[in-house]
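# Inside the fold
For reference, the chains in residue letters:
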Amino acid sequence: MVTMKDVGREAGVSAMTVSNVLRGNDNVAPETAKRVREAADRLHYRLNTTSLSARSLRVSTSRRGRTFGTIGLAIFELDRPYPSQLASLISQAAEKRGYQTVVQETRINAENERSIIERVSNQFCDGLIFSSSRLSAAEIEQLSNHRPTVLLDDDRPQHDIDTILTPSELGAQAAIEYLWAGGKRHIGIVGGLGEGSDEHETADSYDTRRRRLMGCRKAFEKLGVDWWEVPIIPTPWNDVEARQAVKQYADVIRSCDALFCMTDTTAFGVIRGLKDLGLSVPEDIAVMGFDGIEMGATMVPSLTTVAVDIPMVAQKAVDMLIERIDDESDRERQRIVADFHIERRESA
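Residues numbered from 1 in each chain as written. Predicted model: local features only at pLDDT ≥ 70, side-chain atom pairs only at ≥ 80, totals over all residues. Heavy atoms only, no water.

## Structural notes on the environment of Ser 255
Let me state the cut-off plainly: For helices the rule is a DSSP run of H or I covering at least 4 residues; for strands it is a run of E covering at least 2, with both sets numbered from the N terminus onward. What qualifies as a polar contact is a pair of N or O atoms within 3.5 Å, subject to a donor-acceptor requirement within protein and to the restriction that residues adjacent in sequence count only when both atoms come from side chains.
Checked against the element boundaries, Ser 255 lands in the loop between helix 11 (250-254) and strand 10 (258-261). A polar contact of 2.6 Å, which involves the side chain of Ser 255, links it to the backbone oxygen of Val 252.

Structure representation (structure tokens):
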């Protein structure tokens, strides 16, 4: 078993220096800290975070006689319904397992992600649940000092990092097939991000957007529709900009009899934008979302959606992480895809 002394010997420093670096203390020269992390990475050393967190936080996390460990949750945003609902469910699931959750917002920014992993999770957390990462597996493991980590909705072939995925490809395919079965023949897609010259590109489909586009593509090709002729409206996945996109692409929108939106929040903005154009949902145009957030059931019209089993995503993420914390063996990476169903409501 590799120890701190072994890492120190490899890096040419003391075990105390190794301890300071791996616990996130900033009183070590950057060059030395880098050398220590590289040595720990080569030796596959993993800090015993369970005992560290339990000792350092025993007083502050004691409640009714129970002692809580701590996990970090780094999620892409907290001011939208889906991630905030997911964060709440993760926190609840963790508490039932004897862990409290430190939540941080990354804003899908690589520098924020690095800081959260290196500073917050290293100093306080036994493990990390990490969403929408733009960092490589090697960098995540090095910054976290090989702490147990679970990725949310990142389907890159990351080595030794567990991941829980939304059913992006299967769910999007099911959405298009559902609209088609309802008699819709001019289906548009809302939620391309304008990242390239062609919104139809689905190569390297590891990220959520491209996996959902891939599902749409498979459905249209199965139905005999030319994928390159399908209208795709580029917009970030939020209600305000989706509403603006409807106005900007009004002529394209009017040519459709149904719109599949990449997220429920996007669909909310689209429905408002269609009203701005004087179009009724679903009489003039059907609208369908993806996520299954609670708000979709109460809006008018209520939102038909690809309803992801969000409680399952939260529970599996917590369970996988705690398995890694409790058993730091080198078992194979787990990859789990959440369940879903089509929630049929008024909008489609």
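## What to know about the packing of helix 1 (residues 4-11) against helix 3 (residues 30-43)
Note the cut-off: Note on definitions: angles span 0 to 180 degrees between N-to-C directions of axes, and those axes are lines fitted to C-alpha atoms, for helices only across the stretch in contact. Should an angle fall under 35 degrees it is called roughly parallel, over 145 degrees roughly antiparallel, and 65 to 115 degrees roughly perpendicular, with every other angle called oblique. The hand of a helix crossing depends on one turn: near helix anticlockwise from the far one by less than a right angle means left-handed, and clockwise means right-handed. Throughout, a residue-residue contact means that at least one pair of heavy atoms, one from each residue, lies within 4.5 Å. Charged means Asp, Glu, Lys or Arg here, nonpolar means Ala, Val, Leu, Ile, Met, Phe, Trp, Tyr, Cys or Pro, and polar covers whatever is left, Gly included.
The N-to-C vectors of helix 1 and helix 3 enclose an angle of 120°; their axes lie 9 Å apart at closest approach. The angle between helix 1 and helix 3 falls in the class oblique. Pair helix 1 / helix 3 crosses with right-handed handedness. From helix 1, Asp 6, Val 7, Glu 10 and Ala 11 reach across to helix 3, where they touch Arg 35, Val 36, Ala 39, Ala 40, Arg 42 and Leu 43. Of the residues contributing to the contact of helix 1 with helix 3, the split by class is six nonpolar, no polar and four charged.

## What about the pattern of salt bridges?
Note the threshold: Any carboxyl oxygen of Asp or Glu within 4 Å of a side-chain nitrogen of Lys or Arg constitutes a salt bridge here. Partly exposed residues are those whose accessible area sits between 20% and 50% of the maximum for their type, while under 20% is buried and over 50% is exposed, using a 1.4 Å probe and protein chains only.
Counted according to the given criterion, the structure contains 19 salt bridges. Here Glu 139 and Arg 114 are joined by a salt bridge, their closest N and O atoms 2.5 Å apart. Residue Glu 139 is found in helix 7 (residues 137-143), and its partner Arg 114 is found in helix 6 (residues 110-124); the two are separated by 25 residues along the sequence. Note on Arg 114: relative accessible area 24%, which makes it partly exposed. A salt bridge links Lys 218 to Glu 169; the shortest N-O distance between them is 2.4 Å. Residue Lys 218 is located in helix 9 (residues 208-222), and its partner Glu 169 is located in helix 8 (residues 168-181); the two are separated by 49 residues in the primary sequence.

## A closer look at the pairing of strand 11 (residues 286-291)
Put simply, the rule reads: For two strands to count as paired, DSSP must find a minimum of two bridges between them. By the criterion used throughout, a crossover qualifies as right-handed when its path from the first strand across the helix to the second strand runs clockwise, the strands pointing away from the viewer.
Of all six residues in strand 11, six are buried; the element is thus mostly enclosed. Here strand 11 shows two buried faces, one formed by Ala 286, Met 288 and Phe 290 and the other by Val 287, Gly 289 and Asp 291. With three bridges joining them, strand 10 and strand 11 adopt parallel strand pairing. In the strand pairing of strand 11, Ala 258 is matched with Ala 286. Regarding topology, helix 12 (residues 264-276) serves as the crossover connection from strand 10 to the parallel strand 11, and that connection is right-handed. In this structure, strand 11 lies alongside strand 12 (residues 304-308), joined through four bridges in parallel fashion. Note on strand 12: the bridge partner recorded for Met 288 is Thr 304.

## Some words on the environment of Trp 180
Positionally, Trp 180 belongs in helix 8. Separated by 78 residues in sequence, Trp 180 and Ala 258 place their C-alpha atoms 9.1 Å apart.

## Some thoughts on the sheet that holds strand 5 (residues 127-131)
Read from one edge of the open sheet, six strands run 4-3-5-6-7-13, paired in parallel fashion. Each of the sheet's edge strands pairs with one partner strand only, and the pair in question is strand 4 (99-105) and strand 13 (335-337). When the angles between neighbouring strand axes are averaged without regard to direction, this sheet yields 20°. Contacts from helix 5 (residues 81-96) reach strand 3 (69-75), strand 4, strand 5 and strand 6 (149-152) within the one sheet, and its direction differs from that of strand 3 by about 170°.

## Things to note about the sheet that holds strand 11
Within a beta sheet, neighbouring strands are joined by backbone hydrogen bonds and run either parallel or antiparallel to one another. Across the sheet, six strands lie side by side as 9-8-10-11-12-14; this open sheet has mixed pairing. The open sheet is flanked by strand 9 (232-234) and strand 14 (340-343), the only strands paired with a single partner. For this sheet, the mean angle separating the axes of adjacent strands, direction not counted, is 20°. The strands touched by helix 12 within the sheet are strand 8 (187-192), strand 10, strand 11 and strand 12, with strand 11 carrying the most contacts at an inclination of about 160°.

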